[in-house]
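Each chain is listed here by its residues.
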Amino acid sequence: MIKNDLFLRALKGETVERPPVWMMRQAGRYLPEFRALRDKYDFFTRCETPELAAEITVQPIRIVKPDAAILFSDILVVPRAMGIHVELKDNIGPIIPDPIRSMEQVEKVFIPNIEERLGYVMDAIKLTKEMLNDEVPLIGFAGSPWTIFCYAVEGKGSKSYDTAKGFCFSNPVAAHALLQKITDTTILYLKEKVKSGVNAVQIFDSWGGMLSPTDYQEFSWQYINQIVDALAEETEVIVFGKGCWFALNEMSKSKASALGVDWTCSARNARYLTGGNITLQGNFDPSRLLSPIPTIKKMVHEMIDEFGKDKYIVNLGHGILPNIPVDHAKAFVEAVKEYNQ
């Protein structure tokens, strides 16, 4: 049994004494301990070495003390396993040297054997579970099919993903074929993660907000929903779509246990759009962690008041930034733990 099961109880919609708290990207670059490992090992070595991935996952649990751990990995391990070559360049981010722009290229992308190609992730989960010793739950994650598709087609990060969108609109048959392959792989991948011991999963749709509401249904949500349907019987599923407030109502009708909200959508609007019946997660602006500590604590308490303490998981509205002082990250977590004390 997990000693601190607050996060899992909130996901199930149970009444809690206070909301749980964790932070997207909490295992990462704002921590000096993480940077020490980053300086010694390249990115994919950290992802693919279970001992390193487990150590990085557990660092914030020791230092910042949130109510859940999230496995250190990357959404791009999935396209790599599907035969898409991915490089990570310092100060640039992910690069796909041969981006997918034709049906011929889509046909070469394959649905992998998860154990063969991504077994190191499962080993990292098992090792992390040992290190966590049932103190807090462990979250596994994957990128949404649309978000993976964006990198695969664009070839790199982008402000607007016009090339990826253009491929959808000019060659929809190939686009849907690729999106379905990513979806099928992601379902297999997340099911293996659950078997290996994660207590919940989150789907990150980082670039969903680039699409119009109509295009979002066609090129993103229908694929995310396939994943939710496939996983809902086995674990709790959180869906986080950045900039996707317009889809919250549709998302709330799915089998997802919780929906992530970014800082551009107020608590009141999020509750209204989702009908008030589903657990919500979010939505502190990551940049706000640069505010003075008393301001952070005051704003966190106001945020909890706005969302309500039940059916709510405190989090940021996107990943923690690399320039956030560790004391400010700790203050964010402490503010939640001090709520109503």
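Residues numbered from 1 in each chain as written. Predicted model: local features only at pLDDT ≥ 70, side-chain atom pairs only at ≥ 80, totals over all residues. Heavy atoms only, no water.

Turning our eyes to something else, we now look at the sheet that holds strand E6 (residues 236-241). Strand order in the open sheet made by the seven strands is E1-E4-E5-E6-E7-E8-E9, with parallel pairing throughout. Single-partner strands in this sheet number two, and they are strand E1 (69-70) and strand E9 (312-316). As paired strands, strand E8 (residues 279-284) and E9 are joined by five bridges and run parallel to one another. Note on E9: the bridge partner recorded for Gln-281 is Ile-313. (Pairing = 2+ DSSP bridges. Helix = DSSP H or I, 4+ residues; strand = E, 2+ residues; numbered from the N terminus.)

The positions UniProt marks with the feature "site: Transition state stabilizer" (unreviewed entry) are Asp-74. Take Asp-74: it is sitting in the loop between E1 and helix H5 (77-81). Setting aside its immediate chain neighbours within four residues, Asp-74 contacts Phe-43, Cys-47 and Phe-141. Within the structure, Asp-74 has its side chain in polar contact with the backbone nitrogen of Leu-76 (distance 2.8 Å). (UniProt positions renumbered as here; feature names shortened; annotations may be inferred. Contact = heavy atoms within 4.5 Å. Polar contact = N/O pair within 3.5 Å; in protein donor to acceptor, adjacent residues only side chain to side chain.)

Moving on: the pairing of strand E5 (residues 200-205). Buried residues dominate E5, accounting for six of its six residues. A two-sided burial pattern is seen for E5, the buried positions comprising Ala-200, Gln-202 and Phe-204 on one face and Val-201, Ile-203 and Asp-205 on the other. Pairing of strand E4 (residues 138-143) with E5 involves five bridges; the strand directions are parallel. Along E5, the bridge assignment pairs Ala-142 with Ile-203. Looking at chain direction, E5 and E6 are connected through six bridges and run parallel. The residue of E6 that forms the bridge with Ala-200 is Glu-236. Following the chain from E5 across helix H11 (residues 213-231) to the adjacent parallel E6, one finds a crossover that is right-handed. (Buried < 20%, exposed > 50% of the residue type's maximum accessible area, 1.4 Å probe, protein only. Right-handed = clockwise from strand over helix to strand, strands pointing away.)

So, on to helix H15 (residues 326-337). What sets the pattern is the α-helix's 3.6 residues per turn: residues three or four places apart point alike. Helix length check: H15 (12 residues) gives 17 Å between terminal C-alpha atoms against 16 Å at 1.5 Å per residue, within 8%. Buried within H15 we find Val-326, His-328, Ala-329, Ala-331, Phe-332, Val-333, Ala-335 and Val-336. Residues of H15 that are buried in the fold lie against helix H2 (32-40), helix H4 (50-63), E8, helix H14 (293-307) and E9. (Expected span 1.5 Å × (residues − 1).)

A few words on the pattern of salt bridges. Taken as a whole and assessed by the stated rule, the structure comprises 15 salt bridges. Overlapping salt bridges, with partners in common, bring together Asp-5, Arg-9, Glu-14 and Glu-17 in one network. (Salt bridge = Lys/Arg side-chain N within 4 Å of Asp/Glu carboxyl O.)

Per the UniProt annotation, the sites labelled "domain: Uroporphyrinogen decarboxylase (URO-D)" (unreviewed entry) are residues 20-29 and 139-155. Span residues 20-29 is 0% helix and 0% strand, its end C-alpha atoms 23 Å apart. Within residues 139-155, the helical portion is 59% and the strand portion 29%, while the C-alpha atoms at the span's ends are 28 Å from each other.

Now for the packing of aromatic side chains. Scanning the model with the defined rule gives 15 aromatic pairs in all. Ring centres of Phe-43 and Phe-72 lie 6.1 Å apart, and the angle between their planes is 70°; on these two criteria the pair is classed as edge-to-face. With a gap of 29 residues between them, Phe-43 in helix H3 (residues 43-48) and Phe-72 in the loop between E1 and H5 connect regions that are remote in the sequence. For the pair Phe-149 and Phe-167, a centre-to-centre distance of 6.1 Å together with 25° between the ring planes defines the contact as stacked. (Phe/Tyr/Trp six-rings, centres within 6.5 Å; stacked < 30°, edge-to-face > 60°.)

Here the focus is the packing of helix H7 (residues 114-132) against helix H10 (residues 172-196). Where H7 contacts H10, the axes come no closer than 9 Å and their chain directions differ by 35°. With respect to the hand of their crossing, H7 and H10 are arranged in right-handed fashion. Two secondary-structure elements touch here, H7 through Ile-114, Leu-118, Val-121, Met-122, Ile-125 and Lys-126 and H10 through Thr-185, Leu-188, Tyr-189, Glu-192, Lys-193 and Ser-196. For the contact of H7 with H10, the residue count by class is seven nonpolar, two polar and three charged. (Axes fitted to C-alpha atoms, helices over the stretch in contact; angles between N-to-C directions. Left-handed = near helix turned anticlockwise from the far one by under 90°. Nonpolar A, V, L, I, M, F, W, Y, C, P; charged D, E, K, R; others polar.)

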